[in-house]
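Report on the structure
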Amino acid sequence: MAVPKVAVVGAGVIGLSTALCITETCPSCSVTVLSDQFSPNTTSDVAAGMLIPHTYPGTPIHMQKQWFKETFTYLFAISNSAEASEAGIHLVSGWQVFKNTPKEELPFWSDVVLGFRPMSEAELQKFPQHRFGQAFTTLKCDCPPYLLWLEKRLKAAGVRMYTRKVADLWELHSEYNIVVNCAGFGAHQLVGDEKLFPIRGQVLKVHAPWVKNFIRDGDGLTYVYPGIHRVTLGGTREKESWSLSPEPGTTKDIFDRCCSLEPSLWRAQDIKVKVGLRPSRESVRLQREVLSQGGVKLQVVHNYGHGAGGFSVHRGTAKEAAQLVGECIAALRGSSSRAKL
């Protein structure tokens, strides 16, 4: 069999990191990324990029923890390197606060982040509306820098990137041996996945360089996430809402909620509003599939449906998707050697 040709559809954080993992685990492949949008116009560019996992009800916890741990370990190494500022990756400490003590005082990821502990009474005085809290240090990926850094790594590895709208996976079968579907919400049309639904997120990016600590309300709806240059204020989770237009009433509501957690934000300047549709499912779709049409077979790997938690698990799911691509290559080599017999 000649050099296996792999097409990765989608250029958000999942598509780019999956393409990178494929080049690392299957160096003999020829990898191409196809997407109708690249940074700064992807859903990933709107994301806050904080590594605080969102739970997927349909995915076993041990698997979610493994994905998170692999992602944290990978990004922690970058944060500790000369690449950190270019990649937009940095450590940030802060608090997750609750109005009532949660049932689960130790989330499954508590031993992956750094220094996880209950907040002291003195710390809780900063949040008079809240009765319980957790303090820890985690990582943040700033976008677009992180996506541009991934693109740079891909180009250095010989990966080609083309702007192309893929309407059907079958249109790629004559050019590629394996197709990796990282289309995010685009998978709704691309493979007709009815389990995929949008959760609209509206966030504000503000200039407030004095804010150094993250603050997250326990329900995950209100948060203050400081980046290298701007602070992300959120947010909304509007299920089945398709609107990409900013709503002024929502902007005011987000700003007011964040100011109630961090009153110094009233002085924030240069407020920019961003909206994205999170590609959500009960569980991430991470699986291999062989499509068949008129006796022709197409090897496909799916890696999409990460919802609001994509950044927290992106490297872990990309590694698993790359292993599945390895299985596809083995299957193709097996069938081509059988054909020679």
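As annotated in an unreviewed UniProt entry, the protein chain carries the name D-aspartate oxidase and comes from Sula dactylatra. The UniProt entry for the protein chain carries the following comment under Sequence similarities (unreviewed entry): "Belongs to the DAMOX/DASOX family." Database annotation for the protein chain, UniProt heading Function (unreviewed entry): "Selectively catalyzes the oxidative deamination of acidic amino acids. Suppresses the level of D-aspartate in the brain, an amino acid that can act as an agonist for glutamate receptors. Protects the organism from the toxicity of D-amino acids. May also function in the intestine."

A separate point is the UniProt feature "binding site: D-dopa" (unreviewed entry) in the protein chain. According to UniProt, the positions carrying the feature "binding site: D-dopa" (unreviewed entry) are Tyr 223 and Arg 278. Restricting the annotated residues just mentioned to those that line the second largest pocket leaves Arg 278. Along the chain, Tyr 223 falls in strand β10 (residues 223–226). By relative accessible area, which is 8% here, Tyr 223 ends up buried. Once residues lying within four places of it in the same chain are set aside, the contact partners of Tyr 223 are Ala 48, Val 203, Ile 215, Arg 216, Thr 232, Leu 233, Gly 234, Gly 235, Cys 258 and Arg 278. Relative to the helices and strands, Arg 278 resides in strand β13 (residues 269–293). In contact with Arg 278, other than residues within four places in its own chain, are Phe 197, Pro 198, Ile 199, Arg 200, Gly 201, Tyr 223, Thr 236, Arg 237, Gly 307 and Ala 308. Of the polar contacts made by the side chain of Arg 278, one reaches the backbone oxygen of Thr 236; its length is 3.0 Å.

As a further point, take the pairing of strand β7 (residues 178–181). Alternating residues of β7 divide into Ile 178 and Val 180 and Val 179 and Asn 181, and every residue in both groups is buried. Sheet analysis places strand β1 (residues 5–9) next to β7, joined by four bridges and oriented parallel. Looking at β7, one finds that Val 6 is bridged to Ile 178. Pairing between β7 and strand β14 (residues 296–306): four bridges, direction parallel. For Asn 181, the partnering residue across the bridge sits in β14 and is His 302.

Under the definition given, this model contains 14 aromatic pairs. Ring centres 6.0 Å apart and planes at 50 degrees place the aromatic pair Phe 98 and Phe 132 in the tilted group. On the criterion of sequence distance, the pair formed by Phe 98 in strand β3 (residues 89–98) and Phe 132 in strand β5 (residues 132–141) is long-range, its members being 34 residues apart. For the pair Phe 98 and Phe 132, a shared accessibility class is recorded, and that class is buried. Here Trp 109 and Phe 136 contribute two aromatic rings whose centre-to-centre distance is 5.2 Å and whose plane-to-plane angle is 65 degrees, an arrangement assigned as edge-to-face. Remark: Phe 136 occurs in strand β5 and Trp 109 occurs in the loop between β3 and β4 (114–118); sequence separation between them is 27 residues. By the burial criterion, Trp 109 is buried, and Phe 136 matches it.

What follows is about the side chain of Asn 181. As for its placement among the helices and strands, Asn 181 is situated in strand β7. Discounting chain neighbours no more than four positions away, the residues touching Asn 181 are Val 9, Ala 187, Leu 190, Val 191, Val 301, His 302, Asn 303 and Tyr 304.

Attention now moves to unusual backbone geometry. Cis geometry marks the peptide bond from Ser 39 to Pro 40, where omega comes out at 15 degrees. Mapping Pro 40 onto the fold places it in the loop between β2 (30–35) and α2 (61–79). Going from Cys 143 to Pro 144, the amide bond is cis rather than trans, its omega being 5 degrees. With respect to the helices and strands, the residue Pro 144 is situated in the loop between β5 and α5 (145–156). For Asp 270, which is not glycine, the phi torsion reads 50 degrees and is therefore positive. You can see Asp 270 is positioned in strand β13.

Ile 22, Val 33, Leu 75, Tyr 146 and Val 180 are the most contacted members of the largest nonpolar core, which has 66 residues in total. Looking at which element gives the most residues to this core, the answer is helix α8 (residues 310–340), with 10 residues. The contacts of Leu 75, once residues within four sequence positions are left out, are Leu 51, Ile 89, Leu 139, Cys 141, Tyr 146 and His 314. Residues Val 97, Leu 124, Ala 135 and Ile 254 belong to the second largest nonpolar core, which totals 21 residues.

As a further point, take the pattern of salt bridges. Once their charged atoms are close, side chains differing in charge can pair, the charge on each being opposite to the other. Here the structure, examined in full by the defined rule, presents 19 salt bridges. Of the charged contacts, one joins Glu 70 and Lys 319 as a salt bridge, the two residues approaching to 3.8 Å between their closest N and O atoms. Taken together, the residues Glu 70 in helix α2 and Lys 319 in helix α8 connect sequence positions 249 residues apart. Arg 288 is paired through a salt bridge with Glu 327; the nearest N and O atoms lie 3.6 Å apart. Here the residue Arg 288 occupies a position in strand β13, and Glu 327 occupies one in helix α8, the gap between them amounting to 39 residues. Several salt bridges share partner residues, and in doing so they unite Arg 164, Glu 171 and Glu 175 into one network.

Calculation rules
Residues numbered from 1 in each chain as written. Predicted model: local features only at pLDDT ≥ 70, side-chain atom pairs only at ≥ 80, totals over all residues. Heavy atoms only, no water. UniProt positions renumbered as here; feature names shortened; annotations may be inferred. 1 Å grid on protein atoms, 1.4 Å probe; cavity = no way out; pocket = protein on both sides within 12 Å on 5 of 7 lines; lining within 4 Å. Helix = DSSP H or I, 4+ residues; strand = E, 2+ residues; numbered from the N terminus. Buried < 20%, exposed > 50% of the residue type's maximum accessible area, 1.4 Å probe, protein only. Contact = heavy atoms within 4.5 Å. Polar contact = N/O pair within 3.5 Å; in protein donor to acceptor, adjacent residues only side chain to side chain. Pairing = 2+ DSSP bridges. Phe/Tyr/Trp six-rings, centres within 6.5 Å; stacked < 30°, edge-to-face > 60°. Core = buried A, V, L, I, M, F, W, Y, C linked by side-chain atoms within 4.5 Å. Salt bridge = Lys/Arg side-chain N within 4 Å of Asp/Glu carboxyl O.

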